Amino acid sequence: MELTGAQIVVQSLKDEGVELVFGYPGGAALHIYDAFYSQEDVRHILVRHEQGATHAADGYARATGKTGVVLVTSGPGVTNTITGIATAYMDSIPMVVLSGQVPTHLIGDDAFQEVDTVGITRPCVKHNFLVRDVKDLAETIKRAFYIANSGRPGPVVVDIPKDITAQRVEYTYPKEVRIRSYAPVTKGHSKQINRAADLLLNARRPIIYTGGGVVLANAARQLTALVDKLGYPCTNTLMGLGGLPSDHPLFLGMLGMHGTYEANMAMYECDVMLSVGARFDDRVTGDLAKFSPKAKIIHVDIDPASIGKNVRVEVPIVGDAGEVLDQLLVAIASSGSLPRRDDLDAWWKMIESWRGRESLAYDLSDEVIKPQYVVQKLHEVTLGDAYVTSDVGQHQMWAAQYYGFNKPRRWINSGGLGTMGFGLPAAIGVQLAHPESAVACVTGEASIMMCIQELSTCKQYDLPIKVVNLNNRYMGMVRQWQEFFYDRRYSHSYMDSLPDFVDLATSFGHTGLRVDKPGDVEGALREAFAQKDRLVFLDFLTDQTENVYPMIAAGAGHNEMVLKPANDGTAPAERELA
Amino acid sequence: MRRILSLLVENEPGALSRIAGLFSARGYNIESLTVAPTDDDSLSRMTIVTHGSEQIIEQITKQLNKLIDVVRLLDLTEGRHIERELLLLKVVAQGTDREEVKRLVDIFRGRIIDVDGETYTIELTGPGDKLNAFLETIPSSSVLEVVRSGVSGIARGERALRL
Ligand SMILES: Cc1ncc(C[n+]2csc(CCOP(=O)(O)OP(=O)(O)O)c2C)c(N)n1
């Protein structure tokens, strides 16, 4: 059948199985928008800012594993997506961004609303395309989806000049594509698998350290099976939470800068480390020179370039996390050996003593709301089964530390880029993907302001998200660093002239609730989640001085964590190092 | 370590900037980079000369291989190979200097390809260090212009970079 380029875009999305597109119209995309007008197969969600479209598509992708799709116009439409594309790129999230471009004959002319989209997005995409011929359009879209959601996933941009969306051509959507230079390996090399199994079974102080790759690869089941089979301790990165249920007895909590004492100490002392789908990021490793000095490392990753990038690896395994874990389970079972029971008992004893330090304990108060308490109550009220998105700052760390994620894809945050403004639009994507599920956006009063306009989108599509604003009237994470490392010079980290969030939510057509007493926290959360069809903006006025503990300062090692200071207010720097 | 990487890349407009962008974004060195068409219209051949520790070189090759436009990559320096670079050099050559310059060109097996009353234009090919050695022999005061093509290379024997 002969179609216009614009119709081909819509038809290709349909044939690709896309259900939702997040977008915002404009000149160069108008033919495409016209093609959206008269069809109901692909639902278009109109956001209020293109950044919101990318985060919403990203949230949708994280919650489902499907590719998030964005449609924007040229020029400012594209530049507004950059933060969202970079956010998805850093966390390896499958996304396809379709952008309008000025007509082919104007490209390079500084035409109205022209930017070099391929050039400007190049450093933060997995790949990008400029479509030069309408005959290539369907095939290019197919390639974009294939690249975005295979191997190590990532965002792909397809830039489509306006004239091409008007031209007609015979349409067929390719069933599959082959790209001669791209063939991701999914199965681990059997020799390396056997070496890894051998190393694991001979470990005296093993640890399993996993990241977002386990979640992305839907490998939580295999990870849990391996942990159960070996009886080894397991820790997750910020991106990996939910990979192993947080209530699993062998789970040590999150590791890294604000990880638990036991997770970081176990990383420091381990002799064999199995890392799956994690990339030894600086927020995880601390000072590399002091990183796990005694460990032999097995590194499983879909991306060969992640392996050996930051640390020396004993056994590199390139492959899909799920497939490799399955292979490891088979290799371990067929080896006939068992873990070293005595060594393991001694190791667990050591770990239990670190656990005994209760690094996540905090002081409750009758007068002022502790942010950690709000997150714990959120877990209780939602039975630990909500999808929780977050922004960036202290609230993000508290959500990660205290919510307790028992399933993968429930914890949705910008780990790599650390993008304030991510939480609310991401929640839009999550809620659209899971209309019946509880979705909470744990945010701070500074972060929420960065994409606050999306409250309007939430209204238009009746999304009953619960915004949990941990309002400390500070850019808390910045304030915390200034307290610790800048002698309490709180340069521009206060939040002045804040809106009245209850009024603000109301003006967008939502319900707002202000909570300033600890005794009211649980009731307010219950009241909010009881409203199944409304967005409720919960503005919790929290303790302004609370800090995130424990902490590894920059340049320190895992064994040099700073624990929460005693109640007498001694500064952390003056306290004993753990 | 100095490395010569040979690549076959898709003959696409964005390919060169992706590769150059990778080097600048990740802070890798480029000593030289050459690109030209091949016998296959869909492919260009690129030669990159870079330096770095073993770990950096490993990252460079992995990151290059990750680019969708990179079809094949071979580190020529891992095996026996031939390296060639073209030098075009314009020098002032007057009076007795003319003979001296001509002698040096002969020693290095170069050619004088253009002459006028005051200048010689010289062509010389060889591995990078040969060109360096030649340039060192020419007094810098008489050098008017130096044009180097950047290194090209090919593996010796049966090893070949092809699809
Ligand atoms: C877009 C963006 N700008 C700046 C930062 C730096 N930054 C990190 S945390 C933070 C403060 C966040 O404050 P708030 O949202 O109130 O959260 P809190 O730390 O108080 O919980 C800032 C400014 C960032 N991560 N993202």
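Residues numbered from 1 in each chain as written. Chains lettered and ligands numbered in written order. Predicted model: local features only at pLDDT ≥ 70, side-chain atom pairs only at ≥ 80, totals over all residues. Heavy atoms only, no water.

Caption draft 1: Representation of the nonpolar core in the model. Residues and elements named next belong to chain A. M273, L274, I298, V468, L525, L538 and F540 are the most contacted members of the largest nonpolar core, which has 98 residues in total. A per-element tally of this core places helix α14 (residues 321-335) first, with 7 residues. Both of domain 2 (190-355) and domain 3 (371-548) provide at least three residues apiece to this core. Dropping the residues within four chain positions of it, F540 is found in contact with I369, V374, V468, N469, L470, N471, V515, V521 and L525. With 47 residues, the next largest nonpolar core counts V72, F422, I452 and I465 among its residues. (Core = buried A, V, L, I, M, F, W, Y, C linked by side-chain atoms within 4.5 Å. Buried < 20%, exposed > 50% of the residue type's maximum accessible area, 1.4 Å probe, protein only. Helix = DSSP H or I, 4+ residues; strand = E, 2+ residues; numbered from the N terminus. Domains from an automatic or database assignment. Contact = heavy atoms within 4.5 Å.)

Caption draft 2: Region of the structure containing empty space enclosed by the protein. Residues and elements named next belong to chain A. Going through the model one piece at a time under the given rule, you end up with 2 cavities of 30 Å³ or more. Lining the largest cavity are R62, D91, I93, G212, V215, L216, M239, R409, W411, I412 and N413. For the lining of the largest cavity, the secondary-structure elements that each account for two or more residues are α10 (212-216) and β16 (411-412). Here the element with the most residues in the lining of the largest cavity is α10; it accounts for 3 residues. (1 Å grid on protein atoms, 1.4 Å probe; cavity = no way out; pocket = protein on both sides within 12 Å on 5 of 7 lines; lining within 4 Å. Points joined across faces, edges and corners; volume = space filled by probe spheres on them.)

Caption draft 3: Structural detail: the packing of aromatic side chains. Residue and element names in this part refer to chain A. Under the counting rule described, the total for this entry stands at 16 aromatic pairs over all chains. Ring geometry for F280 and F291: centres 5.8 Å apart, planes at 85 degrees, overall edge-to-face. Of this pair, F280 sits in the loop between β12 (272-276) and α13 (282-285) while F291 sits in the loop between α13 and β13 (296-301), and the two are 11 residues apart along the sequence. Here F280 and F291 have matching classes, each one buried. Between the aromatic rings of W481 and F485, the centroid separation amounts to 5.3 Å while the plane-to-plane angle is 70 degrees, which identifies the pairing as edge-to-face. With W481 and F485 both in helix α21 (residues 476-485) and 4 residues apart, the pair spans about one turn of that helix. Among the aromatic residues, those joined into a cluster by ring pairs are W481, F484, F485 and Y549. Positioned above the aromatic ring of Y387 is the side chain of R410, whose terminal nitrogen or guanidinium carbon lies 4.2 Å from the ring centre. (Phe/Tyr/Trp six-rings, centres within 6.5 Å; stacked < 30°, edge-to-face > 60°. Lys NZ or Arg CZ within 6 Å of the ring centre and 35° of its normal.)

Caption draft 4: Local environment of the interface of chain B and chain A. Taken together, the 20 residues of chain B in the interface contact 18 residues of chain A. Counting the surface lost from both chain B and chain A, the interface buries some 1,600 Å², and carbon and sulfur atoms represent 46% of this. For D303 of chain A, the salt bridge identified is with K66 of chain B, shortest N-O distance 2.6 Å. On inspection of chain B and its partner chain A, the count reaches 11 residue pairs in polar contact (both at pLDDT 80 or more). Taken together, the elements giving at least two residues each to the side of chain B that touches chain A come down to α1 (15-25), α2 (54-66) and β4 (70-75) of chain B. No other element matches the 6 residues that α2 of chain B contributes to the side of chain B that touches chain A. In terms of residue class, the side of chain B that touches chain A is made up of 6 nonpolar, 6 polar and 8 charged. (Buried area = accessible area lost by both parts, 1.4 Å probe. Salt bridge = Lys/Arg side-chain N within 4 Å of Asp/Glu carboxyl O. Polar contact = N/O pair within 3.5 Å; in protein donor to acceptor, adjacent residues only side chain to side chain. Nonpolar A, V, L, I, M, F, W, Y, C, P; charged D, E, K, R; others polar.)

Caption draft 5: Molecular detail of the packing of helix α1 (residues 5-15) of chain A against helix α7 (residues 137-148) of chain A. Residues and elements named next belong to chain A. Relative to each other, α1 and α7 sit at 35 degrees, their axes nearing to 9 Å. For the pair α1 and α7, the crossing hand works out as right-handed. Facing α1, whose interface residues are G5, I8, V9, S12 and L13, α7 presents L137, A138, I141 and F145. Here the residues of the contact of α1 with α7 are counted per class, giving 7 nonpolar, 2 polar and no charged. (Axes fitted to C-alpha atoms, helices over the stretch in contact; angles between N-to-C directions. Left-handed = near helix turned anticlockwise from the far one by under 90°.)

Caption draft 6: Representation of the sheet that holds strand β10 (residues 234-236) of chain A. Residues and elements named next belong to chain A. Strand order in the open sheet made by the 6 strands is β11-β10-β9-β12-β13-β14, with parallel pairing throughout. Each of the sheet's edge strands pairs with one partner strand only, and the pair in question is β11 (251-254) and β14 (315-318). With direction set aside, neighbouring strand axes in the sheet form an average angle of 15 degrees. Alignment of β10 against β11, held across 2 bridges, turns out to be parallel. Paired with N236 across the strands is M254, a residue of β11. Sitting on the sheet, helix α11 (residues 220-230) touches β9 (206-210), β10 and β12, and the angle it makes with β9 is about 170 degrees. Sheet contacts for helix α15 (residues 341-355): β9 and β11; angle to β11, the most-contacted strand, approximately 40 degrees. (Pairing = 2+ DSSP bridges.)

Caption draft 7: Quick peek at the sheet that holds β4 of chain B. All names here are of chain B. Taken in spatial order, the 4 strands of this open sheet run β2-β3-β1-β4, and their pairing is antiparallel. Two strands bound the open sheet, and with one partner strand each, they are β2 (32-37) and β4. Within the sheet, the average angular offset between the axes of one strand and its neighbour, ignoring direction, is 15 degrees. Strands β1 (2-10), β2, β3 (43-51) and β4 of the sheet are contacted by α1, whose axis makes an angle of about 15 degrees with β3. Taken strand by strand, α2 contacts β1, β3 and β4, and its axis lies near 160 degrees from that of β4.

Caption draft 8: Molecular detail of a positive patch on the surface. There is a patch of like positive charges on the surface, built from R80, R84, R156 and R159 of chain B. With respect to the helices and strands, the residue R156 of chain B is situated in the segment after β9 (152-155). (Patch = residues over 30% accessible without salt bridge, like charges linked within 9 Å, V, L, I, M, F, W, Y side chains within 5 Å. Areas by Shrake-Rupley, 256 points an atom, 1.4 Å probe, with all protein chains shown as cover. Lys, Arg positive; Asp, Glu negative; His and termini not counted. Charge placed at Lys NZ, Arg CZ, Asp CG, Glu CD.)

Caption draft 9: Region of the structure containing a nonpolar patch on the surface. All names here are of chain B. On the surface, L86, L88, I113 and V147 cluster together to form a nonpolar patch covering roughly 260 Å² of accessible area. Inspection of the secondary structure puts V147 in strand β8 (residues 143-148). You can call V147 partly exposed: its relative accessible area is 37%.

Caption draft 10: Expanded view of unusual backbone geometry. All names here are of chain A. Cis geometry marks the peptide bond from Y549 to P550; its omega dihedral reads -10 degrees. For P550, the location among the structural elements is in the segment after β20 (536-541). Positive phi, normally seen in glycine, also occurs at D110, with a value near 55 degrees. By secondary structure assignment, the location of D110 is in the loop between β5 (95-101) and α6 (117-121). Residue D110 is classed as exposed on the basis of its relative accessible area, which comes to 74%. With phi around 50 degrees, S497 is a residue other than glycine that occupies positive phi space.

Caption draft 11: Structural view of the domain arrangement of chain B. Residues and elements named next belong to chain B. On domain assignment, one finds that chain B holds domain 1 (2-78) and domain 2 (82-155). Taking only C-alpha atoms, the centre of domain 1 and the centre of domain 2 are 28 Å apart. Contacts between domain 1 and domain 2 engage 9 residues on the former and 8 residues on the latter. Carbon and sulfur atoms make up 56% of the area that domain 1 and domain 2 hide from each other, which totals about 590 Å².

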